[in-house]
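Summary of the model geometry
So the chains spell out like this:
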Amino acid sequence: SKMDLQSILESDGDITKGRIQKLTRSTEANDRHYAAELLLHTSRDECTSFLMELLNDSDPTVRNSAIKTSIKKYNTEVINVIIENLGNPVYSNQAMNALVLIGADTLTSLDAAFYRSGQSTQMMLRIVQVIGRIGGARAREILWGKIEYPNKIVVSQVLLSLGECGFKAGISQITRIKYAIESDIADIAWNLSAIQEVGDGGFATQIKSSLRWEIQNDIEHIYMLLTMLYDTRSIQLVKENIDSGTAEGITYAIELLDVFLSEQLKKRVIPILDDLTDAERTNRLEDFYPRVKLDSALVLKFMINRDFAQSNRWTKACVLFQIGILGIQDFKLDLIAQLFNPDWLLREVSALALYKIHPESYEQNSKRLGLDIKRELDALILHAKRMTRFEKVLFFQRLSFLANVPGITLSYLADISEEIHLKQQDSVSLDEKFNNNFYIIVSGRVDFFHKGDYVKEFRAGEFIGEMLASPNFVSTNLVIPKTDVVVLKFNKDQFYELVSDNVKLADKVLEFI
């Protein structure tokens, strides 16, 4: 306006506090967005309070613009507000990037936020990831201070972040890193034995597949830990030769390890990486990691009750499903205990298995969960009104564009999906302004229209996503069902957050696009 222009001229081109305040408090999102951009060009420190307001704005465009501005205009209070945004799936990636770009100035605030009373595990993991990406001596010092944190999942991320910021163990730290390597090898030895004991009936193939992925994940972790003790290029050379899968490559890698590994590690690491059968590996590790032989039923019980850092949620879910298939009555109490697991994937599968084995026990114990949770479980287990998270993962595994993505990653994809039923007369707009979702068709067929013109048909198992929805006017891109359709809907922000944390899923998404 004329008054705004006069105000700017009178202040020698500087942006007045009153003008920014007026824009910040405006009811129009465009004004607040403009305020966030103007703050980047003001030299007034007292305007920081307005930036903090905009960092909590309800409009995503405004808040994202404020996060970008905060990279250049920050103080301790602003950094603390950015850290709070780490816990919001819509803004977590932008907040993480901002904190990394600000750099070392954020480390003290990040460390304080980690130890905040009542802090969630997810936020702790995010904070540790950010510290690792910032890097530097101070970051390594802060991360090392968390190496004995009681939550093993957090400690696992601490080690990954130490690896990311190029940590090299000092004399006093070598023992702790060797202990972490031995813990990984102990888990591998246990899982190798479990693969041989779990049998071949029912859902055993899926259990073995999940265990093999866990073993591979532990091996990758061991490589990373070895780079903290030895020359990084030597460990990379070993990894490349092992991954080649050729007899010559593996032999060369083992010879390299034989040269620079300590005697203690040599006897434990080489059997894991050498070209041996599962039985041969188990026999060579048995002296260091003795384990009682288990039958095909008892090994399932042990897997359910292992720590989450040793057996992931997808492995446990497969085991619970197997108990239901085999109808093992002796494990009824284990299934009842898992009904009270806060993880909905495990709660749903244990409810399904318990209902198959002993419907009365399901009815009796599900009441103890409260009316809302019981109603939710009954809709899934008794009435099959929707897919369980477990069924969603099995569906994802059948899709070609998600082939070879680990079950544990797909289980997180199931967490963020929502099942929707569409009738023939319904329609869904894919325009960016009105739609913030991706879709996968579970059953049925839909037609895609652009500006009223038919483009193509989508069938069961196909992905409807980003490439279709270029910015346009409302109802420019429409999906109209040809039959009754069941689709899984994914919020884009949650999907991108998941992709940013899972390399294999990110590779598949990029491949597909």
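Our subject in this report is the structure included herewith. (Residues numbered from 1 in each chain as written. Predicted model: local features only at pLDDT ≥ 70, side-chain atom pairs only at ≥ 80, totals over all residues. Heavy atoms only, no water.)

Here we take up helix α10 (residues 137-144). Where α10 is concerned, the buried positions are Ala 139, Ile 142, Leu 143 and Trp 144. Among the structural elements, α8 (107-114), α9 (121-134), α11 (152-164) and α12 (174-197) are those in contact with the buried residues of α10. (Buried < 20%, exposed > 50% of the residue type's maximum accessible area, 1.4 Å probe, protein only. Helix = DSSP H or I, 4+ residues; strand = E, 2+ residues; numbered from the N terminus. Contact = heavy atoms within 4.5 Å.)

This part covers the packing of aromatic side chains. The description of two aromatic rings rests on the distance between their centres and on the angle between their planes. Scanning the model with the defined rule gives 20 aromatic pairs in all. Measuring from ring centre to ring centre gives 4.9 Å for Phe 203 and Phe 321, while their planes differ by 70 degrees; the resulting arrangement is edge-to-face. With Phe 203 in the loop between α12 and α13 (204-229) and Phe 321 in helix α19 (residues 313-326), this pair connects stretches of sequence that are 118 residues apart. Residue classification places Phe 321 among the buried residues on the basis of a relative accessible area of 16%. Judged by centre distance (6.0 Å) and plane angle (50 degrees), the ring pair of Phe 395 and Phe 396 falls under tilted. There is no split in this pair, since Phe 395 and Phe 396 are both buried. Members of the aromatic cluster, each reached through a chain of ring pairs, are Phe 395, Phe 396, Phe 401, Phe 438, Phe 463, Phe 490, Phe 495 and Tyr 496. The side chain of Lys 146 reaches across the aromatic face of Phe 114, ending 4.8 Å from its centre. (Phe/Tyr/Trp six-rings, centres within 6.5 Å; stacked < 30°, edge-to-face > 60°. Lys NZ or Arg CZ within 6 Å of the ring centre and 35° of its normal.)

Positioned with a positive phi, Ala 384 is a non-glycine residue whose angle comes to about 45 degrees. Along the polypeptide, Ala 384 turns up in the loop between α23 (371-381) and α24 (389-397). Despite not being glycine, Asn 404 shows a phi value in the positive range, around 70 degrees. In this fold, Asn 404 is placed in the loop between α24 and α25 (407-415). By relative accessible area, which is 70% here, Asn 404 ends up exposed.

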